[in-house]
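Given next are the chains, with one letter for each unit.
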2 protein chains.
Amino acid sequence: MNDSGAVSGPDFRPLYAQVRELIIGRMLRGDWRPGDILPSEGRLAAEFGVSQGTVRKALDEMAAQNLVVRRQGLGTFIARHSQQHALFHFFHIRDERGVKELPTGRVLQLRQRKAERAEARRLDLPPRSAVWAMRRLRALRGKPVILERIALPAALFPGLELPLGRDLPDELYVLYQQRFGITVVRAEEKLRAVAADALDAKSLGVAEGTPLLEIDRLARGLDGRPVEWRLSRCNSAHHHYYSEIE
Amino acid sequence: MNDSGAVSGPDFRPLYAQVRELIIGRMLRGDWRPGDILPSEGRLAAEFGVSQGTVRKALDEMAAQNLVVRRQGLGTFIARHSQQHALFHFFHIRDERGVKELPTGRVLQLRQRKAERAEARRLDLPPRSAVWAMRRLRALRGKPVILERIALPAALFPGLELPLGRDLPDELYVLYQQRFGITVVRAEEKLRAVAADALDAKSLGVAEGTPLLEIDRLARGLDGRPVEWRLSRCNSAHHHYYSEIE
DNA sequence: CAGTGGTCTAGACCACTTA
DNA sequence: AAGTGGTCTAGACCACTGA
């Protein structure tokens, strides 16, 4: 592997891409867990039999994807979803002035049942697999703004329990990671405008028919497999969804 | 500049960041225009008095931001908004199956007038500066789906003319670049759900009060200054806004 | 102080493109 | 064949961190 020509061998992927996969493989196996410090670049290079520059390129890429965090003078760490980070990254609702507020979440319902057809399809599960179905109401400045319907593959979240009916400054993704070892690394969202139905209206305190912003999010784990399907309906009267294009 | 210690001098920015700025400066001055090929890494390195690796790091960053396009065996080029690229990058509306369709645009109105207060504020212009005000209707598969209100600083678009009333597969950003040398490099979007007003309803062929997806976009040029403010109202009955979070 | 990542350099071979 | 970016290596000095 020291000879750069070896890259043209049976495996055509660049060395740094292979290094990256080796590291992710260890994360998936649980050898390295969120918050752990990695061996230094030099040690990793020696272990994998490549140069330090190659390890560096792999780690730089992973840092750009928020998989690891690098700190000069300290080391490289497996990224951990903090309240702050998860919020910054996955919560895109802001108020009129563009300020992000800390949302609270109140779980209204949580039960295990067989997946509906749409749920099985979106989560890439066999028909009628077991799923957790959750309903949650999120508030900003104490006012209910978002009603969420969440579906989770039950197999990934054994024994899931959550306190019902209390407003908590919870980020579910922190919980997924800490209690079940599942790290959400990316998500796809589809946004629509819809009219509030009776349940939306009651939960959010608006009139039936009020335009709401619907966010359909599929979240994926380290291995790219679906981890959560979340359908949110937001009262966008005093908030909006913020997105940057670069 | 050859001595790496020089970086600790009066200018604390890394060399590759300085190289990046030198290159962007030349793009802003018009020395290098969209589509132009840059000198090779080696030549740039010699010219700037740094190593090839440092130029490479600067160019790699710029490629990641779509400012340049690198092609192995060919060279590095100043990025050009093609119809395809602008669409892929800045048009986020998709149909129910997640497929992106080619939209057409019909300019309903285009005139120059004094900026309204909100326009001046968003575009960072002095009050009552001259702006172009445009109204445009965009269709997908021949059906009107998006009504846009667009404001442009008149100073940046002298003599702007557009054919009125015809459906054209136009990307305005391609036009901005080709006719006015203005390259849109990033944009900030705020999304809300709103009820269709009388004009929306008539233009989009929906009932008044129908929930519409409103997209408030501020586009910025190479130098980071606002270039366009666009307020779009979309019928999201058969389409959605797609966004990826990584 | 020793160890870490951050930056910079120099030089090698490779794959790809055009001519 | 010549020139380009893509990958990989080796080694240097820097700034930052914690003990």
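Residues numbered from 1 in each chain as written. Chains lettered and ligands numbered in written order. Predicted model: local features only at pLDDT ≥ 70, side-chain atom pairs only at ≥ 80, totals over all residues. Heavy atoms only, no water.

The next subject is unusual backbone geometry. Residues and elements named next belong to chain B. In this structure, Asp 124 is a non-glycine residue whose phi angle is positive, near 60 degrees. Along the chain, Asp 124 falls in the loop between helix H5 (117-123) and strand E5 (130-140). You can call Asp 124 exposed: its relative accessible area is 62%. With a phi angle near 65 degrees, Arg 128 is a residue other than glycine that sits in the positive phi range. (Helix = DSSP H or I, 4+ residues; strand = E, 2+ residues; numbered from the N terminus. Buried < 20%, exposed > 50% of the residue type's maximum accessible area, 1.4 Å probe, protein only.)

Now for helix H1 (residues 15-29) of chain B. Residues and elements named next belong to chain B. With 15 residues, H1 should cover 21 Å at 1.5 Å per step; its first-to-last C-alpha distance of 21 Å lies within 8% of that length. Those residues of H1 that fall on the buried side of the exposure criterion are Leu 15, Ala 17, Gln 18, Val 19, Arg 20, Ile 23, Ile 24 and Met 27. Contacts made by the buried residues of H1 are with helix H2 (41-48), helix H3 (52-64) and strand E2 (75-78). A positive backbone phi angle near 90 degrees is found at Gly 30, which sits one or two residues after H1. (Expected span 1.5 Å × (residues − 1). Contact = heavy atoms within 4.5 Å.)

Before going further, it helps to examine the protein's contact with DNA strand C. As a structural note, the neighbourhood of DNA strand C is formed by 26 residues, with Arg43(A), Gln72(A), Leu15(B), Ser51(B) and Thr54(B) the closest of them. Within 4 Å of the protein, the atoms of DNA strand C are drawn from sugar and phosphate moieties in a proportion of 77%. Here a base nitrogen of DNA strand C sits 3.2 Å away from a polar atom, N or O, in the side chain of Arg56(A). Arg70(A) places a polar side-chain atom, nitrogen or oxygen, 3.4 Å from a phosphate oxygen of DNA strand C. Going through the elements one at a time, helix H2 (41-48), strand E1 (68-71) and strand E2 (75-78) of chain A together with H1 and H3 of chain B are the ones with two or more residues in the surface near DNA strand C. Partitioned by chemical class, the residues of the surface near DNA strand C number eight nonpolar, 12 polar and six charged. (Near = heavy atom within 4 Å. Polar contact = N/O pair within 3.5 Å; in protein donor to acceptor, adjacent residues only side chain to side chain. Nonpolar A, V, L, I, M, F, W, Y, C, P; charged D, E, K, R; others polar.)

Our next topic: the packing of aromatic side chains. Within the structure shown, the criterion is met by eight aromatic pairs over all chains. Ring centres of Phe90(B) and Tyr173(B) lie 5.2 Å apart, and the angle between their planes is 80 degrees; this geometry places the pair in the edge-to-face category. Within this pair, whereas Phe90(B) is found in helix H4 (residues 83-90), its partner Tyr173(B) is found in helix H6 (residues 172-180), the two being separated by 83 residues in sequence. For Phe90(B), a relative accessible area of 3% puts it in the buried group. Three or more aromatic residues link up through ring pairs in this structure, and these residues are Phe90(A), Phe157(A), Tyr173(A), Tyr176(A) and Phe180(A). In this arrangement the basic side chain of Lys57(A) is found over the ring face of Tyr16(A), its NZ or CZ atom lying 4.7 Å from the centre. (Phe/Tyr/Trp six-rings, centres within 6.5 Å; stacked < 30°, edge-to-face > 60°. Lys NZ or Arg CZ within 6 Å of the ring centre and 35° of its normal.)

With that settled, consider the sheet that holds strand E6 (residues 143-153) of chain B. Pairing is antiparallel across the open sheet formed by eight strands, whose spatial order is E3(A)-E10(A)-E7(B)-E8(B)-E9(B)-E6(B)-E5(B)-E4(B). Edge positions in the open sheet fall to strand E3 (93-95) of chain A together with strand E4 (104-114) of chain B, since each of these has one partner strand only. Taken pair by pair, the neighbouring strands of this sheet meet at an average axis angle of 25 degrees, ignoring direction. Of the strand pairs in this sheet, E5(B) and E6(B) are connected by 10 bridges, and their pairing is antiparallel. (Pairing = 2+ DSSP bridges. Axes fitted to C-alpha atoms, helices over the stretch in contact; angles between N-to-C directions.)

All names here are of chain A. Split into domains, chain A comes out as domain 1 (15-78) and domain 2 (83-241). For domain 1 versus domain 2, the separation of C-alpha centres amounts to 31 Å. Approximately 500 Å² of surface area, both sides summed, lies buried where domain 1 meets domain 2, with 78% of it carried by carbon and sulfur atoms. Among the residues of domain 1 in contact with domain 2, Leu 28, Pro 34 and Asn 66 are the three that bury the most area, contributing 60% of the side total. Seen at the junction of domain 1 and domain 2, the total is zero salt bridges. Classifying every residue of the side of domain 1 that touches domain 2 gives five nonpolar, one polar and no charged. (Domains from an automatic or database assignment. Buried area = accessible area lost by both parts, 1.4 Å probe. Salt bridge = Lys/Arg side-chain N within 4 Å of Asp/Glu carboxyl O.)

Before going further, it helps to examine the relation of the copies chain A and chain B. Aligned on chain B, chain A shows an RMSD of 0.1 Å; the corresponding rotation is 180 degrees and the shift along the axis is 0.0 Å. Both chain copies can therefore be described as sitting about a two-fold axis. (Least-squares fit on C-alpha atoms with pLDDT ≥ 70 in both.)

To continue, consider the confidence of the model for chain A. Low-pLDDT stretches of the model should not have their predicted coordinates read in fine detail. Summary statistics for chain A give a mean pLDDT of 93 and a share of 96% for residues scoring 70 or more. Below pLDDT 50 for its whole length, residues 1-10 of chain A participates in 11 contacts with residues either more than four positions away or in separate chains. (pLDDT = per-residue confidence, 0-100.)

Turning next to the sheet that holds strand E8 (residues 211-221) of chain A. Spatially, eight strands are ordered E4(A)-E5(A)-E6(A)-E9(A)-E8(A)-E7(A)-E10(B)-E3(B) in an open sheet, and the strand pairing comes out antiparallel. The strands lining the two open edges of the sheet, one partner per strand, are strand E4 (104-114) of chain A together with strand E3 (93-95) of chain B. Here the strands of the sheet are splayed against their neighbours by 25 degrees on average, with no regard to which way each runs. Strand direction decides the pairing type here: strand E7 (residues 184-195) of chain A and strand E10 (residues 239-245) of chain B, joined by five bridges, are antiparallel. Note that in E10(B) the partner of Glu189(A) across the bridge is Ser243(B). Across the sheet, helix H4 (residues 83-90) of chain A is in contact with E7 and E8 of chain A together with E10 of chain B; its angle to E7(A) comes to roughly 50 degrees. The strands touched by helix H6 (residues 172-180) of chain A within the sheet are strand E5 (130-140), strand E6 (143-153), E7, E8 and strand E9 (226-234) of chain A, with E9(A) carrying the most contacts at an inclination of about 160 degrees.

Topologically, Arg217(A) is positioned in strand E8. Given the relative accessible area of 7%, Arg217(A) is considered buried. A distance of 2.4 Å separates the side chain of Arg217(A) from the backbone oxygen of Phe90(A), its partner in a polar contact. A distance of 3.0 Å separates a polar atom in the side chain of Arg217(A) from a polar atom in the side chain of Tyr173(A). In this view, Arg217(A) contacts Phe90(A), Tyr173(A), Ala187(A), Glu188(A), Glu189(A), Glu228(A), Trp229(A), Arg230(A) and Ile245(B); residues no more than four positions away in its chain are not counted.

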